[in-house]
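An overview of the molecular structure
Here is how the chains run, residue by residue.
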Amino acid sequence: MKEVICDLCGSSSYKHRHTIKVDDSGLRYYRYTRNLPEQQRSEMTGKFNIVQCQNCQLNYVNPRYSTEQLEVVYSSDKIIGGNWQSYKYLFDLGQPDEMQGQLKTGAYNARMYDWKFALIEEHNSTKSRKLLDIGCGDGKFVYEAIQRGFDANGIDLSPDRIEQGRKTYGLGNALRNMNIDDFSADEKFDIITMWDLIEHLESPSSLLAKLEKISHKDTIIVILTMSLDSITYKHFGKFWNYMNPTQHLYYFSHSTLEKMFNKNGLELVAIEMDDSRDKHFIHYLHSIVLGQLNNFIFWLIRNAGLPSLLKRIGREDLAERLPKRLENLYPGKYIGRYHDNFVYIAKFRS
Ligand SMILES: [Zn+2]
């Protein structure tokens, strides 16, 4: 773990906002904790603090994982992905016990892509459509962009994800395992996207600064991140679904992200609500109820001797597998998406 200074203003004075317990005593980090390499487990678990800079109000995790520890988190599919998002699999013996990251494919969400591209079309004032997706992962978004006529490319720091995307979508050199610094100064893009990326970076500010090299005067920068201005954060506070100090190092609000844009020569052009804008309040309630049900099942297995009860009624098969199944269950109180994320669109000041 390492102590860090504010990435926006450089100040080292902060006030405490939230304490998050990362260990196997609760449902949310149960599986994560068990999947950490044993020799790193004690250093990488325990209490994490989310703090707020006294000078500029940026919220961030401090102290946080070192670069080497973040590599441990991201190099293992077992740790970061592949959760069952529903309790119903607990008792369905047709499902495999172990769920790995590459199986985390979720249902194809056409509506989400339609929304993303409509947003890009609305704000792109250039005739050309050269697009770069930073942190593209397996390139699903790049693939969708190409289908819609964009000249799209993606970069990612994980060679495995790039390789996987090239295979899955036949994307070839549209996906590159490289860093922003590796672009030559004459390669410019009309649209630069970062979906769910900025909150994971060690220094979001230095990435924003580097975008200037690959932008022209009309380039739009499209950033999706969860926001402290969402009603779900205001309701749940430290229990908000996105409060995850093992991966989310920064918690932006409209105002702190705008300050970070300004610091790096960017101007905020628009803020858009995420694609959950059409969801009704009933989705929100449904999420809360489902999350509570997860917690209840977790409690039942751990404290009410459910495995021995199952043995007694002749279901040894289930009794043994139930604790394993539990590892695939995620997360706690609130599991749905409802007005959590915003899209921030910015341009370099000419
Ligand atoms: Zn600050």
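These remarks concern the structure in this document. What you see is a predicted model, and the numbers here were worked out from it, not measured in a lab.

1. Re the overall build of the protein chain
- Assigned secondary structure in the protein chain consists of 13 helices and 11 strands.
- Taking 2.2 N^0.38 as the reference for a compact globule, 350 residues should give roughly 20 Å; the C-alpha atoms of the protein chain span a radius of gyration of 21 Å, in line with that estimate.
- Viewed in the frame of its principal axes, the protein chain has a C-alpha envelope of about 75 × 50 × 45 Å.
- Of all 350 residues assigned to the protein chain, the portion counted as buried reaches 32%.
- Expressed as a percentage of contacts within the protein chain between residues at least 6 apart in sequence, the contacts between residues at least 24 apart total 75%.

2. What to know about the environment of Val142
- Structurally, Val142 can be placed in helix α6 (residues 140–147).
- Sequence separation between Val142 and Phe298 is 156 residues; the distance between their C-alpha atoms is 38 Å.

3. Some points on helix α7 (residues 159–169)
- Taken together, the buried positions of α7 are Arg161, Ile162 and Gly165. Here the buried residues of α7 occupy an arc of 100 degrees about the axis, which is enough to place them on one side. Residues of α7 that are exposed and angled more than 90 degrees away from the buried face: Pro159 and Lys167.
- Packed against the buried residues of α7 are β6 (175–176).
- Count one or two residues on from α7 and you reach Gly170, which has phi positive near 60 degrees.

4. Describing unusual backbone geometry
- Note that the residue after Asn62, namely Pro63, is joined by a cis bond; omega there is -10 degrees.
- Along the chain, Pro63 falls in the loop between β3 (59–61) and α3 (67–75).
- In this structure, Asp196 is a non-glycine residue whose phi angle is positive, near 50 degrees.
- By secondary structure assignment, the location of Asp196 is in the loop between β7 (189–195) and α8 (204–210).
- Residue class for Asp196 comes out partly exposed when judged on the 16 C-beta atoms lying within 10 Å of it.
- In this structure, His339 takes a positive phi of about 55 degrees despite not being glycine.
- Position of His339 relative to the elements: it lies in the loop between α13 (316–327) and β11 (341–348).

5. Examining the sheet that holds β3
- The antiparallel open sheet is built from 4 strands, whose spatial order is β1-β2-β3-β9. The outermost strands of the open sheet, each flanked by one partner alone, are β1 (14–22) and β9 (250–251).
- Both β1 and strand β2 (residues 46–53) contribute to a ladder of 8 bridges, which runs antiparallel. Directly across from His16, in β2, lies its bridge partner Val51.

6. A look at the pairing of strand β4 (residues 130–134)
- Where burial is concerned, most of β4 is hidden: 4 out of the 5 residues are buried.
- Pairing analysis gives 3 bridges linking β4 to β7, with the strands arranged parallel. Considered in β7, the bridge of Leu132 is made with Ile192.

7. Side note on the sheet that holds β7
- Pairing within the open sheet is mixed, and its 7 strands lie in the order β6-β5-β4-β7-β8-β11-β10. Here the strands that pair on one side only, and so sit at the sheet edges, are β6 and β10 (266–273).
- Relative to β11, β10 is paired through 7 bridges, and the arrangement is antiparallel. The residue of β11 that forms the bridge with Met273 is Phe342.
- Of the strands in this sheet, β7, β8 (215–226), β10 and β11 are in contact with helix α5 (residues 110–123), which crosses β10 at around 140 degrees.

8. Structural notes on the nonpolar core
- The biggest cluster of nonpolar side chains holds 53 residues, and the ones touching the most others in it are Val142, Ile192, Ile221, Val222, Ile223 and Val343.
- Excluding anything up to four places from it in sequence, Val343 contacts Leu119, Val222, Ile223, Leu224, Glu272 and Asp274.
- Counting residues in each nonpolar core, the second largest holds 6 residues, with Tyr233, Trp240, Tyr242 and Met243 among its members.

9. Observations concerning the environment of Lys238
- Mapping Lys238 onto the fold places it in the loop between α9 (231–236) and β9.
- Once residues lying within four places of it in the same chain are set aside, the contact partners of Lys238 are His18, Ile20 and Met243.

10. A look at the environment of Tyr74
- The topology assignment puts Tyr74 in helix α3.
- A residue is classified by how many C-beta atoms lie within 10 Å of it, and Tyr74, with 14 of them, is partly exposed.

11. Overview of α6
- For α6, the buried fraction is high: 6 of the 8 residues fall into the buried class.
- Residues of α6 that are buried: Lys140, Phe141, Val142, Tyr143, Glu144 and Ala145.
- Buried residues in α6 make contact with α5, β4, β5 (151–155), α7, β6 and β7.
- One or two positions beyond α6, positive phi appears at Gly149, with a value near 90 degrees.

Each value, and the rule that gives it
Residues numbered from 1 in each chain as written. Predicted model: local features only at pLDDT ≥ 70, side-chain atom pairs only at ≥ 80, totals over all residues. Helix = DSSP H or I, 4+ residues; strand = E, 2+ residues; numbered from the N terminus. Rg over C-alpha atoms; globule rule 2.2 N^0.38 Å. Buried ≥ 20, exposed ≤ 12 C-beta atoms within 10 Å, placed from the backbone. Contact = placed C-beta atoms within 7 Å. Arc of directions from axis to C-beta. Pairing = 2+ DSSP bridges. Axes fitted to C-alpha atoms, helices over the stretch in contact; angles between N-to-C directions. Core = buried A, V, L, I, M, F, W, Y, C linked by C-beta atoms within 7 Å.

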